[in-house]
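# Summary of structural features
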Number of protein chains: 2
Amino acid sequence: MRPPKQLSVNAPMAKTDHIPAPAVKRLSLYLRQLETFHAADRKTVSSRELGAVLSLSDAQVRKDFAYFGQFGHPGIGYRVLELIQRVRRILGTDKTSNVLLVGVGNLGRALLAYRGFSQRGFDVVAVFDADAKKIGQKIAGPSRLVVQSLEELPGVVSDSKVRTGILAVPATAAQGVADIMVAAGIRGILNFAPTVLRIEAGVSVSSVDLAVHLEQLSFQVGPSDPQTL
Amino acid sequence: MRPPKQLSVNAPMAKTDHIPAPAVKRLSLYLRQLETFHAADRKTVSSRELGAVLSLSDAQVRKDFAYFGQFGHPGIGYRVLELIQRVRRILGTDKTSNVLLVGVGNLGRALLAYRGFSQRGFDVVAVFDADAKKIGQKIAGPSRLVVQSLEELPGVVSDSKVRTGILAVPATAAQGVADIMVAAGIRGILNFAPTVLRIEAGVSVSSVDLAVHLEQLSFQVGPSDPQTL
DNA sequence: TTTTGTGAATTGCTTCACAGCA
DNA sequence: TGCTGTGAAGCAATTCACAAAA
């Protein structure tokens, strides 16, 4: 299955045969764990170790990386720092990218205060809200962001080359704001509103529904009232 | 090297042969959509319609429900209200359940203000933080909650029959707090800290890593700088 | 040795297609 | 007719197992 495809100075992401979505999801988890290993000064790690921490088989780990090229060193394992850099490149987070946020309610403010985004290469460069009372408000913290009107969104997208937007508005407003984002040129939306967005093909949507996660737990934990039908 | 296989789900319904995890996930999405249909006064819905909204095949929808029993009516479809009730029972959200939250930072406050939880049958009955300065603070809103010390957590768990906890603390504190939760009898943890929790079998964990979702989008959208190595 | 990378085998999930019922 | 429920088929993802490399 592998033609003599040496990847040295070539092949940025050449082999996009077809990558399972679950593998891409795990890539983020590997990256996070690799960064933990790096912080602990580990130089190399084997597929077995990395898998054990994440409750995955060693074969799973190796196959996931193999979708993207040759990353490991037989007899040694994977070099932590090298693998971090290559995974970041695959995910497109090796360079910081600009994102915008719409919806400065409780959730929006929490997301703005969340340090994890900038640590992982995402920089919130503009904030919008539909509520006229919020426009002009300064966001607490070092960001110096000021809440802008939605009307200014298209201009910001083209000026700042923003490709990704975070949607933290009520469910009833989500579709309308999403339409504005897409029309302005946004190519990916991280949606926190508990509703289905209808979006044209070519634009990616990732939805996070907090209640859904609690329901999944509820199912796994089982009914508190074990009999009953 | 096999990942641990826990989960001894005690069968609430007769036919708990083995249910695919993706099917359970979709159940939450079906429920949300059914509630939307109900709000629009729809009395029945076919697998085709329900699937179309969620971008799923009709067969997928029927098979998912079939894992749990006979829900539909040939020639009619599914009765919306009846299906809502049965899905809620399956997920264990037909009766409100008590949950607790640890970590009253930005994210924790946003989660406390999120109405979605109570709408879906979850009631946050207690809030904890490790920071002595926060203990005793009242939480804004109608809940009348007061931030408590972690030392009081075990008592609250047994008194209020809390089985689920939301973890909204920094990554460095997450494992320690999780251990306290588990020791106190918590059976399910919704974890917002970007770290892997090591938890004994029999306790479920669902992790939400906000940065991971952005990374997935980043991969799907592709590099902003398409050439380059 | 240890450990990767990968074809082959296996497991699991989704779709197909149709019997049966309203 | 319209639609569900379900075995069978098809496809996708995971695990197995081993050659090759250090």
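These numbers were taken from a predicted model, which means no experiment stands behind them. (Residues numbered from 1 in each chain as written. Chains lettered and ligands numbered in written order. Predicted model: local features only at pLDDT ≥ 70, side-chain atom pairs only at ≥ 80, totals over all residues. Heavy atoms only, no water.)

## Things to note about the domain arrangement of chain A
Interface size, as often reported, equals the accessible area lost upon joining of the parts. Stated precisely, the cut-off is as follows: For the purposes of this description, domain bounds are those given by an automatic or database domain assignment.
Taken domain by domain, chain A comprises domain 1 (21–91) and domain 2 (97–213). Computed from C-alpha atoms alone, the centre-to-centre distance between domain 1 of chain A and domain 2 of chain A is 31 Å.

## Describing the interface of chain B and chain A
Put simply, the test is: Between two residues, a contact is recorded if the distance between any of their heavy atoms is within 4.5 Å. Buried area is calculated as the accessible area (1.4 Å probe) missing from two parts once they are joined, with the contributions of both summed. For this analysis, a salt bridge means a side-chain nitrogen from Lys or Arg found within 4 Å of a carboxyl oxygen belonging to Asp or Glu. Polar contact is defined as a pair of N or O atoms within 3.5 Å, subject to the rule that within protein one atom must be able to donate a hydrogen and the other to accept it, and that residues adjacent in sequence are counted only when both atoms are side-chain atoms. Secondary structure elements are defined from DSSP: runs of H or I of at least 4 residues count as helices, runs of E of at least 2 residues count as strands, and each element is numbered from the N terminus.
The interface of chain B with chain A comprises 67 residues on the first partner and 71 residues on the second. Interface area, chain B with chain A, both sides summed: about 6100 Å², of which 66% is carbon and sulfur. For the pair chain B and chain A, the number of links is four salt bridges. A salt bridge links A:Arg32 to B:Asp209; its shortest N-O distance comes to 2.4 Å. Counting every contact that joins chain B to chain A gives 24 residue pairs in polar contact (both at pLDDT 80 or more). Considering every element that reaches the side of chain B that touches chain A, the biggest residue donor is helix H9 (residues 210–221) of chain B, with twelve residues.

## Describing the packing of helix H7 (residues 153–160) of chain A against helix H8 (residues 171–184) of chain A
Residues and elements named next belong to chain A. The line we're drawing: A fitted line through C-alpha atoms represents every axis, and for helices the fit uses only the stretch in contact; the resulting angles, taken between N-to-C directions, go from 0 to 180 degrees. Roughly parallel refers to an angle under 35 degrees, roughly antiparallel to one over 145, roughly perpendicular to one between 65 and 115, and oblique to any angle outside these ranges. Crossing handedness is defined as follows: a turn of the near helix away from the far one that is anticlockwise and smaller than a right angle gives a left-handed crossing, while the clockwise case is right-handed. Gly is placed with the polar residues, together with every amino acid not listed as nonpolar (Ala, Val, Leu, Ile, Met, Phe, Trp, Tyr, Cys and Pro) or charged (Asp, Glu, Lys and Arg).
For the pair H7 and H8, interaxial distance at closest approach is 9 Å and the crossing angle is 40 degrees. Judged by the angle between their axes, H7 and H8 are oblique. For the pair H7 and H8, the crossing hand works out as right-handed. Contacts between H7 and H8 involve Leu-153, Pro-154 and Val-157 on the former and, on the latter, Ile-180, Met-181 and Ala-184. In the contact of H7 with H8, the residues fall into six nonpolar, no polar and no charged.

## What about the sheet that holds strand S6 (residues 164–167) of chain B?
Residues and elements named next belong to chain B. Stated formally: Criterion used throughout: strands pair if DSSP finds at least two bridges between them.
Across the sheet, six strands lie side by side as S5-S4-S3-S6-S7-S8; this open sheet has parallel pairing. Pairing within the sheet leaves two strands with one partner each, and these edge strands are strand S5 (147–149) and strand S8 (204–207). Going across the sheet, the axis of each strand differs from the next one's by a mean of 30 degrees, ignoring polarity. Pairing of S6 with strand S7 (residues 188–191) involves four bridges; the strand directions are parallel. If you follow Thr-164 over to S7, its bridge partner there is Gly-188. Those strands touched by helix H5 (residues 106–113) are strand S3 (97–102), strand S4 (122–129) and S6, and its axis lies near 160 degrees from that of S3.

## Considerations on the packing of aromatic side chains
Which entries qualify depends on this criterion: Working definition: rings of Phe, Tyr and Trp (its six-membered ring) pair if their centres are within 6.5 Å, and the pair is stacked with planes under 30 degrees apart, edge-to-face with planes over 60 apart, and tilted otherwise. Using a 1.4 Å probe on the protein chains alone, a residue whose accessible area is under 20% of its type maximum counts as buried, one over 50% counts as exposed, and one in between counts as partly exposed. Only when the NZ of Lys or the CZ of Arg is both within 6 Å of the ring centre and within 35 degrees of the ring normal is a charge said to sit over the ring.
Scanning the entire structure with this criterion turns up ten aromatic pairs over all chains. Centre to centre, the rings of A:Phe65 and A:Tyr78 are 5.3 Å apart; their planes meet at 55 degrees, and the pair counts as tilted. Taken together, the residues A:Phe65 in helix H3 (residues 58–66) and A:Tyr78 in strand S2 (residues 78–79) connect sequence positions 13 residues apart. As far as the burial class goes, A:Phe65 and A:Tyr78 line up, both buried. Ring geometry for A:Phe68 versus B:Phe219: centroids 6.3 Å apart, planes at 85 degrees, classification edge-to-face. With A:Phe68 in the loop between H3 and S2 and B:Phe219 in helix H9, this pair bridges two chains. Ring-pair connections join several aromatic residues into one group, and the members of that group are A:Tyr30, A:Phe65, A:Phe71 and A:Tyr78. Positioned above the aromatic ring of A:Phe71, the side-chain terminus of A:Arg86 is 4.3 Å from the ring centre.

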